[in-house]
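# Observations on the model geometry
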Amino acid sequence: MKKLTSTLVALATLATAVAADSAINALKITKSLDKVDAASSVWKGAKFSTVTLYPQTTIEFNDKKANELNADNKAVQAKVAAVYNDKKIAFLIQWPDGTKNVQQGNKTDSYADGFAVQFASNYANPAELPYIGMGSEGRQAVIHLQKQVAKFYEPNGNGDVATQVNPNQTDLFEKDLKKFNAKVDTLASSDYEKSYVGEGFRSMTEIKDGSDNATSSMAYGKKAWSGTLSSSLKDEYVDLNAAAIPVAFAVWDGEKMGRNGLKYLTSWTAVVLKKGDDTLVNALHGKIEGDAVKGKDSAVANGCTGCHQMEKTDAANLMGPSLTNIGGYSTVDYLRESLVNPSAVVVPGYNRNAHSNYAWYNVTEGKRVSTMPDHSWMEKADIDNIVAYLKTLKAEVK
Ligand code: HEC
């Protein structure tokens, strides 16, 4: 009896630990989605779903202050609504943030609040979606990003602020500066809104060919941000005309010096446009096979902890990415693939503190090959158990 009780307790804890967000139901509307912000009437009737954003802990930053600020990050819960018409799809995401942080153009120690919405260029096979942190080789992601920046003036219109006059050098630029400030007043914008197509961190290419007509907005009030994105259902990079599409959300907290991979992000989440095909919903939100308790034993026995920090209480380990939040921002299929085919998606980055003999990947004939051993020899049940365990690795919600 005692054994049964403890098993039941263990099962109950794991059941709550693996409870994931559900799919988002998009509402079809006839109104135009050309100009959308949080106050638009298009959100009337749309249903909000909860999504959970987990601190991305893949790579330890080379920044002591930022690491300290982010050491105890909890997950953030946001509300998301989605609407679409014949041409466009729009999202409204609202997330709590106690402080409004706007990046000041001339200060390197100033960081912005921001958000991103990510689509997969090819999602025909839900088991092979792009790497969640900005796509991966051969698996393209389209990322729409908006950040809060102070008003700036770009004389060349290239999004290049490096050529600005430094306003602190009044002795040098007295006259120029007056002219410049007058121009800033009339021409400046604070609209930092960009779209990228990426196959991994180092391949982020800004979409500037005009094919992308996405627009976004951000508004702060009552200690929370509201961000909106309106994007074509079909452009050169992605065709979103399907029963359901995978979408991921990220937010940055400027107060915690958030930038690049120092952010909060969801796993791929299904957004349902038409009823009838549950393939994607089941793949991203379905039941998790396997026994997490057995999986933990198996992970230790198979040496995973020799390369990975798995639980927050484990010491940092530079041999591989930290897995302390991997269950929050990874799909079950991604985790399985990481084990049985490590080079299918190679985490695009490495810890700069790592010893050069322990790189996360090597480049062989132009292709990245993971240094993680292939575990495809394992029994399916054992892999299922480890995957179930990995899904429990995530910070609790704030
Ligand atoms: C020899 C070191 C090593 C061992 C042992 C190892 N890994 Fe890895 N693992 C890595 C490296 C390096 C990467 C990053 C490169 C890549 O994407 O494959 C990685 C990546 C991963 C990822 C993807 C992480 C992310 O952020 O997306 C997961 C999940 C993972 N490993 C799980 C495991 C599990 C579970 C085990 C034990 C069965 C294990 N690893 C054993 C080195 C290792």
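Residues numbered from 1 in each chain as written. Predicted model: local features only at pLDDT ≥ 70, side-chain atom pairs only at ≥ 80, totals over all residues. Heavy atoms only, no water.

## Some remarks on the overall build of the protein chain
Our working definition: The numbering of helices and of strands both runs from the N terminus, where a helix is a DSSP run of H or I of at least 4 residues and a strand a run of E of at least 2. Buried means the residue's accessible area, taken with a 1.4 Å probe over protein chains only, is under 20% of the maximum for its type, while exposed means over 50%, and partly exposed covers the values in between. Residue contacts are defined here by distance: any two heavy atoms, one from each residue, within 4.5 Å place the two residues in contact. Exposure was quantified through the Shrake-Rupley algorithm and a 1.4 Å probe, taking into account, for residues, occlusion by the shown protein chains and nothing else.
A tally of helices and strands in the protein chain yields eight helices and 16 strands. Per-residue burial over the protein chain gives 47% buried out of 398 residues. Of all intrachain contacts in the protein chain linking residues separated by at least 6 positions in sequence, the fraction that spans at least 24 positions is 72%. When the accessible surface of the protein chain is split by element, carbon and sulfur atoms take 52% of a total near 20,400 Å².

## Brief notes about the packing of aromatic side chains
What counts, and what does not: Two rings from Phe, Tyr or Trp (for Trp, the six-membered ring) form a pair when their centres sit within 6.5 Å of each other. Planes less than 30 degrees apart are called stacked, planes more than 60 degrees apart edge-to-face, and all others tilted.
Inspection of the entire model under this criterion finds five aromatic pairs. Taken together, a centroid distance of 6.1 Å and an interplanar angle of 45° make the contact between F91 and F119 tilted. Residue F91 is located in strand β5 (residues 88-96), and its partner F119 is located in strand β6 (residues 114-120); the two are separated by 28 residues in the primary sequence. Each member of the pair, F91 together with F119, is buried.

## Details of the coordination of the iron atom of the ligand
Rules: Metal sites are built from N, O and S donor atoms within 2.8 Å, or 3.2 Å for Na, K and Ca, and they leave out water, so they may look incomplete. Labels for metal geometry use angle windows, namely 85 to 135 degrees for all angles of a four-donor tetrahedral site, and for square planar (four donors) or octahedral (six donors) sites opposite donors over 155 degrees apart plus all others within 65 to 115; sites meeting none of these are irregular.
Protein-derived ligands of the iron atom of the ligand are H308 (NE2) and M372 (SD), with the metal-ligand distances lying across 2.0 to 2.1 Å. If you look at the iron atom of the ligand, its six donor atoms make angles of 86 to 178° with each other, and the shape they trace is octahedral. Pair noted here: H308 is in the loop between α5 (292-301) and α6 (326-329) and M372 is in the loop between β16 (367-370) and α8 (380-391), with a separation of 64 residues, a long-range link. Given a relative accessible area of 12%, H308 falls into the buried group. Taking relative accessible area as the criterion, M372 reaches 26% and is therefore assigned partly exposed.

## What about the confidence of the model for the protein chain?
Threshold: Residue-level confidence of the predictor is what pLDDT reports, using numbers from 0 through 100.
Summary statistics for the protein chain give a mean pLDDT of 86 and a share of 81% for residues scoring 70 or more. pLDDT under 50 marks residues 1-18. Its contacts with residues more than four places away, or in other chains, come to twelve contacts.

## Concerning the site of the ligand
The following threshold applies: Residues are labelled near a given molecule or strand when at least one of their non-hydrogen atoms is within 4 Å of it. Polar contact is defined as a pair of N or O atoms within 3.5 Å, subject to the rule that within protein one atom must be able to donate a hydrogen and the other to accept it, and that residues adjacent in sequence are counted only when both atoms are side-chain atoms. Classification used: nonpolar for Ala, Val, Leu, Ile, Met, Phe, Trp, Tyr, Cys and Pro, charged for Asp, Glu, Lys and Arg, polar for all others including Gly.
As a structural note, the neighbourhood of the ligand is formed by 27 residues, with C304, C307, H308, Y334 and M372 the closest of them. Within the contact set of the ligand, an oxygen atom lies 2.4 Å away from a side-chain nitrogen or oxygen of Y334. Contact distances for the ligand include 2.6 Å between an oxygen atom and a side-chain N or O atom of S370. At the level of secondary structure, the elements contributing two or more residues to the shell around the ligand comprise α7 (332-340) and α8. Looking at the shell around the ligand, the element that brings in the most residues is α7, giving four residues. Broken down by class, the residue content of the shell around the ligand amounts to 19 nonpolar, eight polar and no charged.

## Some words on α7
Turning to α7, its buried residues number three or more, namely V332, Y334, L335, E337 and L339. Packed against the buried residues of α7 are α6 and α8.

## Some details on unusual backbone geometry
With a phi close to 50°, K222 is a non-glycine residue in the positive phi region. Relative to the helices and strands, K222 is located in the loop between β10 (215-221) and β11 (224-232). Overall, K222 belongs to the exposed group, its relative accessible area being 85%. Phi is positive for M257, close to 60°, though the residue is something other than glycine. With respect to the helices and strands, the residue M257 is situated in the loop between β12 (244-252) and β13 (264-265).

## Describing the nonpolar core
Here is the rule we go by: Residues grouped as a nonpolar core are buried Ala, Val, Leu, Ile, Met, Phe, Trp, Tyr and Cys residues, joined through side-chain atoms within 4.5 Å. A domain assignment, automatic or from a database, supplies the domain bounds used here.
Within the largest apolar cluster, 86 residues are counted, with the highest numbers of intra-cluster contacts made by F91, W95, F119, I245, F249 and V271. Each of domain 1 (15-284) and domain 2 (287-391) gives at least three residues to this core. Membership of the second largest hydrophobic core comes to ten residues, among which are L33, V83, A90 and L92.

## What to know about α8
Applicable threshold: What a helix should span is 1.5 Å times the count of its residues minus one.
Its twelve residues give α8 an end-to-end C-alpha distance of 16 Å, which sits within 8% of 16 Å, the value for a rise of 1.5 Å per residue. With nine of its twelve residues buried, α8 lies for the most part within the structure.

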